[in-house]
Amino acid sequence: MFENLTAMTNIQKGFFLMGVGIAGVFLVLIVFFFLIKLLTKVFPEKDNPQEET
Amino acid sequence: MQNLLVGFYSMDYRNLIMFIIAGILIYLAVKKDYEPMLLLPIGFGAILVNLPLAAVLSYEGEPGVLQILFNAGILTELFPVLIFVAIGAMVDFTPLFKNPVMIFFGAAAQFGIFATVLVALFLGQLFPNLHIDLKVASAIGIIGAADGPTSIFVAARFARDLLGPISVAAYSYMALVPIIQPPVIKAMTTRNERLIRMEYHEAKVSKTVKITFPILVTIVSGIVAPISVPLVGLLMFGNLIRESGVLERLSNAAQNELANLVTLLLGITIGSTMTADKFLQPATLLILAMGLVAFIFDTAGGVLFAKFLNLFLKDKINPMIGAAGISAFPMSARVVQRMCSKEDPTNFILMQAISANVSGQLGSIIAGGLVLAIVPLLIGG
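Structure report, in brief. Values in this document were obtained by computation on a predicted structure and should not be read as measured data.

For the rest of this paragraph, the subject is the overall build of chain B. What chain B contains, in helices and strands, is 21 helices and two strands. With the C-alpha coordinates of chain B rotated into their principal frame, the extents come out at 80 × 50 × 45 Å. Residues counted as buried form 56% of the 381 residues belonging to chain B. A separation of at least 24 residues holds for 78% of the contacts in chain B among residues at least 6 apart in sequence. Only carbon and sulfur atoms are counted for the fraction: they give 67% of the accessible area of chain B, which is about 15800 Å².

As structure tokens, this is what we get:
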């Protein structure tokens, strides 16, 4: 697989980097999105009456 | 006698040009307040290394002080990584936890990095004597991360000789965000789009979330792109120190003493790479131009992504928010709110813009890590 990648022209490599790079950033941030959703659900902020007094 | 006048004999017009460039950087730092913490030391470092004999780089066969700092702090990637600890201690992810959907703009606004790599490669084919291969193009494209330490980190690995112009371009354009972004945003949006109001729901975030997040982000990033761990891991370490609530002294030290000391050394060391023979080349002009292109593509990418989302959303997003997905914090969010207030003084989208801006800080280092991981695969390194 990697042999095919190295055989590409520079422009093809640029397009590959763009496609995989953008997709990769989105994928990682999608994981973070669900991570935040999960964390805020599992650990909701509880009002602490002692703090209010 | 000749030895006494060696300083005069060693000067040539290129040194004078570098003094002028250094003077411009110092002027921008002092008079215009453009990233003064970096541009001033860079400018002075450039003066030091362009003095006759450049004794700060080497003297009588021994490395000079700036060469020692370069070897210890840049070649080892220590300085940019330490800066990440400081940035992590300064970043508050709370706005992101309150508006997690804004995280996607932190991804969309990295478009400039990859588009610029492509443009640089095209230019490299058109002008072969510029010697732009994939590594160099990637180091240039990473200016679009709008994140100085990430740019330095990637450039130090892929294009060490171009570290000076890449750093100067990265920090200069970050300072110029209030000038670069508005015309791009305006060109890509209608007035009606800029008038879109967005509801903001205040949500409370527990301390457990704030503490757990940096730990889990480090683990996920380390699994997806192990090479990004020095960037993401150290950023999140700084953030954990901040959010733990039990290391206030260390958090303050990271935000102040560490940040100041490393910034000082980083700036002057980057300046030391600006010797006339390395800086006064056609590639420098190309890098400065490509840096601007990267910031324009970043802004356009974020705005277009917001417009794309609006095709499917019932509650529309003000597309200007997309432009705040770059890492330049908090300038970009402020620019967006300023433009919004100009159209309608009663419209406030600052909190959403801040959320997108914080996401940009995550997106830029993830993008940097992915570039570091993918490029060696493509070149077979």
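Picking up where we left off.
Residue and element names in this part refer to chain B. Tracing the chain through its elements places Ser359 in helix H21 (residues 350-379). For Ser359, a relative accessible area of 0% translates into the label buried. Of the polar contacts made by the side chain of Ser359, one reaches the backbone oxygen of Met102; its length is 3.4 Å. Reaching out from Ser359, the side chain makes a polar contact with the backbone oxygen of Ser355 at a distance of 2.7 Å.

A word on the pattern of salt bridges. All names here are of chain B. Evaluated as defined, the whole model comprises seven salt bridges over all chains. Ionic pairing is found between Asp344 and Arg197, a salt bridge with its closest N-O pair at 2.9 Å. Of the two residues, Asp344 is situated in the loop between helix H20 (331-343) and H21 and Arg197 in the loop between helix H13 (191-194) and helix H14 (207-224); the sequence distance between them amounts to 147 residues. Classification of Asp344 as buried rests on a relative accessible area of 14%. Here Glu243 and Arg242 are joined by a salt bridge, their closest N and O atoms 3.4 Å apart. Overall, the relative accessible area of 12% leaves Glu243 in the buried class. A cluster of three or more residues bridged by salt bridges with shared partners is formed by Arg191, Arg194 and Glu343.

One finds A:Phe32 and B:Leu362 to be the most contacted residues of the largest nonpolar core, which totals 137 residues. The element that contributes the greatest number of residues to this core is H21(B), accounting for 14 residues. When sequence neighbours within four positions are dropped, the list of residues in contact with B:Leu362 reads A:Leu29, A:Phe32, B:Phe93, B:Leu96, B:Ile103, B:Phe213, B:Val217 and B:Met236.

On the chain A side, the residues contacting the 48 residues of chain B number 33 residues. Summing both sides of the interface, chain B and chain A together bury roughly 3500 Å²; the carbon and sulfur share of this comes to 88%. Together, B:Phe114, B:Leu118 and B:Leu378 form the three largest contributors to the area buried by chain B at its contact with chain A, with a combined 18%. Viewed at the interface, chain A and chain B are joined by zero salt bridges.

Parameters and conventions
Residues numbered from 1 in each chain as written. Chains lettered and ligands numbered in written order. Predicted model: local features only at pLDDT ≥ 70, side-chain atom pairs only at ≥ 80, totals over all residues. Heavy atoms only, no water. Helix = DSSP H or I, 4+ residues; strand = E, 2+ residues; numbered from the N terminus. Buried < 20%, exposed > 50% of the residue type's maximum accessible area, 1.4 Å probe, protein only. Contact = heavy atoms within 4.5 Å. Areas by Shrake-Rupley, 256 points an atom, 1.4 Å probe, with all protein chains shown as cover. Polar contact = N/O pair within 3.5 Å; in protein donor to acceptor, adjacent residues only side chain to side chain. Salt bridge = Lys/Arg side-chain N within 4 Å of Asp/Glu carboxyl O. Core = buried A, V, L, I, M, F, W, Y, C linked by side-chain atoms within 4.5 Å. Buried area = accessible area lost by both parts, 1.4 Å probe.

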